[in-house]
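Results of the structural survey
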Amino acid sequence: LGSVTIMSGQTVSHMQQYRVGRIPVLAALVVLLTLGGCASTPEPAGLEIVDDSWTLRRDALMQLQNWDLDGRIGITVEHQAWQASLVWIQRGENFLLDVAGPLNQGRLMVSGGPSGVRAERHDGRVVNATDVEALLQSELGWTLPVAGLRYWVKGVPNPGESTESIALDELGRLAELNQGGWRIRYPTYIESDDVDLPHKIRLDRGDVSVRMVVDQWAHGV
């Protein structure tokens, strides 16, 4: 992937080329997502304030409502494993996920928000549902904790769930989070527009293991 240059009023990224060229309809979907607006974010339930630098960082990231990421994901359930590319576009409460297996096989594009979710398969079939996690399970054979991951992927707890524990690294960034039955770890971060955002994320719960690598971030879009 190419590098990202983000300046005031200008964003140049691989994901912009992706939105224009790879999926023509995506630009219109992004406009629809943006119409959802940005809601204020409550304090994370049960989160103990452990460090001033962490508090400032957490509050700033909670305000980050519009962002894109381009990366890869691996899911292991018992002895079965899946790998896919992942593009995630978040606009307030609304999102778009584009998931594709190797060589673009089994591609699924999911858009949604509070009113429900809609999936479009590579063969053109459209599926409507109310729950994104159940939809991913039925269409791909695996699922993601999307409600929590929307926050976890930025390196902050889900404000709608109680937090069992957190651990910070020496820079005041989230190193490990236990929430909603998931253990979420952050081995590495990358800098995007002077903000450190997660590069590698590991999620584990029972016999389910998720590995994410974010190759590229764009935020404030």
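Note that residues are indexed from 1 along each chain, following the sequence as it is written. Totals for whole chains, interfaces and linings use every residue, but because this is a predicted model, local features are given only for residues with pLDDT of at least 70 and side-chain atom pairs only at 80 or more, for both listing and counting. As a convention, hydrogens and water are excluded, and side-chain values are obtained from all of the structure's heavy atoms.

**Regarding the pairing of strand β13 (residues 208-219)**
- Most of β13 sits inside the fold, with 10 of its 12 residues counted as buried.
- Two strands pair under a simple rule: DSSP has to find at least two bridges between them. Numbering of helices and strands starts at the N terminus; helices are DSSP runs of H or I of at least 4 residues and strands are runs of E of at least 2. Direction of pairing for strand β3 (residues 66-77) relative to β13: antiparallel, over a ladder of 11 bridges. Considered in β13, the bridge of Gly71 is made with Val214.
- Looking at chain direction, strand β12 (residues 195-205) and β13 are connected through six bridges and run antiparallel. Looking at the pairing, Lys200 lines up with Val213 of β13. Residue burial is assigned from relative accessible area. The probe radius is 1.4 Å, only protein chains are included, and a residue is buried under 20% of its type maximum, exposed over 50%, and partly exposed in between.

**Here we look at the confidence of the model for the protein**
- Summarising the model, the protein shows a mean pLDDT of 81, and 76% of its residues fall at 70 or more.
- Note on scores: pLDDT gives the predictor's confidence for each residue, bounded by 0 and 100. Across the protein, element-level confidence peaks in strand β10 (residues 174-179) with a mean pLDDT of 98 and bottoms out in strand β1 (residues 5-7) with 26.
- Residue contacts are counted whenever heavy atoms from the two residues lie within 4.5 Å of one another. Segment residues 1-49: pLDDT under 50, and 101 contacts once partners within four positions in sequence are set aside and those in other chains are kept.

**What about the side chain of His219?**
- Along the chain, His219 falls in strand β13.
- Its relative accessible area of 10% is what places His219 among the buried residues.
- We call two N or O atoms a polar contact when they sit within 3.5 Å, provided that within protein one can donate a hydrogen and the other can accept it, with sequence-adjacent residues counted only if both atoms are side-chain atoms. In this structure the side chain of His219 is engaged in a polar contact, spanning 2.9 Å, whose partner is the backbone oxygen of Ser192.

**Considerations on the packing of aromatic side chains**
- Here the aromatic set is Phe, Tyr and Trp, taking the six-membered ring for Trp, and pairing holds for ring centres within 6.5 Å; pairs whose planes are under 30 degrees apart are stacked, those over 60 apart are edge-to-face, and all others are tilted. For the structure on display, the rule yields three aromatic pairs.
- Between Trp67 and Trp88 the ring centres are 5.4 Å apart and the planes differ by 50 degrees, which places this aromatic pair in the tilted class. Of the two residues, Trp67 is situated in strand β3 and Trp88 in strand β4 (residues 80-91); the sequence distance between them amounts to 21 residues.
- Linked through ring pairs, Trp67, Trp88 and Trp217 together constitute an aromatic cluster.

**Examining the sheet that holds β10**
- Strand order in this open sheet of 11 strands is β8-β7-β6-β5-β4-β3-β13-β12-β11-β10-β9, and the pairing throughout is antiparallel. Pairing within the sheet leaves two strands with one partner each, and these edge strands are β8 (126-129) and β9 (163-168). Each strand axis lies, on average, 20 degrees off the axis of its neighbour in the sheet, ignoring direction.
- Where β10 meets strand β11 (residues 182-192), four bridges bridge the pair, whose relative direction is antiparallel. Each residue of the ladder has a partner; that of Gln179, found in β11, is Trp182.
- In the packing of helix α3 (residues 52-62) onto the sheet, contacts are made with β9, β10, β11 and β12, and the angle to β12 comes to roughly 90 degrees.
- This element, helix α4 (residues 132-140), spans β4, β5 (94-100), β6 (108-113), β7 (116-121) and β8 of the sheet and lies at about 165 degrees to β6. An axis is simply a line fitted to the C-alpha atoms; with a helix, the fit covers only the stretch in contact. Between two such axes, the angle follows the N-to-C directions and lies from 0 to 180 degrees.

**Quick word on unusual backbone geometry**
- For Glu78, which is not glycine, the phi dihedral falls at a positive 55 degrees.
- With a relative accessible area of 56%, Glu78 lands in the exposed category.
- Positive phi, close to 65 degrees, is recorded for Asp194, a residue that is not glycine.
- As for its position among the elements, Asp194 is in the loop between β11 and β12.

**Some words on the nonpolar core**
- Counting 46 residues, the largest nonpolar core has Ile73, Trp88, Val110, Leu144 and Val210 as its most contacted members.
- The dominant element in this core, judged by the number of residues it contributes, is β13, at five residues.
- If sequence neighbours within four positions are ignored, Val110 has contacts with Phe95, Leu96, Leu97, Val117, Arg118, Ala119, Val132, Leu135 and Leu136. Side-chain atoms within 4.5 Å link the members of a nonpolar core, which is a set of buried Ala, Val, Leu, Ile, Met, Phe, Trp, Tyr and Cys residues.

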